[in-house]
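# Breakdown of the fold
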Amino acid sequence: STQGVSSAASDVYKRQTWVYRAYIDGRLAYVGITRNPNGRFARHACTKDWWSEVDDITFEEFDNRPDALRAETVAICDEHPIYNIARPHVQEATRG
């Protein structure tokens, strides 16, 4: 039923999510968002040439995806990571 799909989609947005910052030699290389760090980092290892140079990763935990998306957007815009190509629009991500 569509009610089940809607409820499942809603549950996904309520799940624990992390904003992570990857560093190379003390410089912020990348800011990302994930619910599955191991899976996400494995994908980066296959698709990002620079990922093998990452020597530190920090995590910021959020109770839901919308809050994490807002924090990721602000971090990318304010902290200027080296390898984030897409620059999100802060106003869109910070809307209620």
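Reading the values: the criteria
In this convention, every chain numbers its residues from 1, walking through the sequence in written order. For a predicted model such as this one, the threshold for reporting local features is a pLDDT of at least 70, and the threshold for listing and counting side-chain atom pairs is 80 or more; totals across whole chains, interfaces and linings nevertheless cover every residue. For the side-chain quantities, the full set of heavy atoms in the structure was used; hydrogens and water were omitted. Think of it this way: any DSSP run of H or I at least four residues long counts as a helix, any run of E at least two long counts as a strand, and we number them from the N terminus. Think of it in three bands: with a 1.4 Å probe and only protein chains considered, a residue is buried below 20% of the maximum accessible area for its type, exposed above 50%, and partly exposed in between. The criterion used for residue contact is that any of the two residues' heavy atoms lie within 4.5 Å. We get accessible surface area from the Shrake-Rupley algorithm with a probe of 1.4 Å; when it comes to residues, only the shown protein chains can shield them. A carboxyl oxygen of Asp or Glu within 4 Å of a side-chain nitrogen of Lys or Arg is what we treat as a salt bridge. Any two strands are treated as partners once DSSP identifies two or more bridges connecting them. Axis lines are fitted through C-alpha atoms, for helices just across the contact stretch, and the angle between N-to-C directions can take any value from 0 to 180 degrees.

### Notes on the overall build of the protein chain
- Within the protein chain one finds four helices and three strands.
- When the helices and strands of the protein chain are placed in sequence order, the string is α-β-β-α-β-α-α.
- Looking at the protein chain as a whole, 33% of its 96 residues are labelled buried.
- Within the protein chain, contacts between residues separated by at least 24 positions form 57% of all contacts whose residues are at least 6 apart in sequence.
- When the accessible area of the protein chain is evaluated, it comes to approximately 6300 Å², of which 48% is carbon and sulfur surface.

### Observations concerning the pattern of salt bridges
- Considering all chains together, one arrives at three salt bridges under this definition.
- One salt bridge connects D67 with R70, and the closest N-O pair in it is separated by 2.3 Å. Here the residue D67 and the residue R70 both occupy positions in helix α3 (residues 65-79), the gap between them amounting to three residues, near one helical turn.
- Residue class for D67 comes out partly exposed when judged on its relative accessible area of 33%.
- Ionic contacts of the salt-bridge type, sharing partners, join the residues R21, E60 and E79 into one network.

### Section: the sheet that holds strand β1 (residues 17-24)
- Pairing is antiparallel across the open sheet formed by three strands, whose spatial order is β2-β1-β3. The open sheet has two free edges, formed respectively by β2 (27-34) and β3 (56-62), since each of these has just one partner strand. Across the sheet, the mean angle separating the axes of adjacent strands is 20 degrees when strand polarity is ignored.
- Across seven bridges, the pairing between β1 and β2 is antiparallel. Within β2, the position partnered with I24 by the bridge is R27.
- Its contacts with the sheet put helix α2 (residues 37-47) on β1, β2 and β3, and the angle it makes with β2 is roughly 125 degrees.

### Looking at the environment of Q16
- Within the fold, Q16 resides in the loop between α1 (2-14) and β1.
- Distance from Q16 to A68, taken between C-alpha atoms, is 9.1 Å for residues 52 residues apart in sequence.
- Discounting chain neighbours no more than four positions away, the residues touching Q16 are R35, E61, F62 and D63.

### Here we look at unusual backbone geometry
- A positive phi is found at D25, a non-glycine position, where the angle reads about 50 degrees.
- By the secondary structure assignment, D25 is in the loop between β1 and β2.
- Relative accessible area serves as the criterion here: at 67%, D25 is assigned to the exposed category.
- One non-glycine residue, H80, adopts positive backbone phi at about 55 degrees.
- Position of H80 relative to the elements: it lies in the loop between α3 and α4 (90-93).

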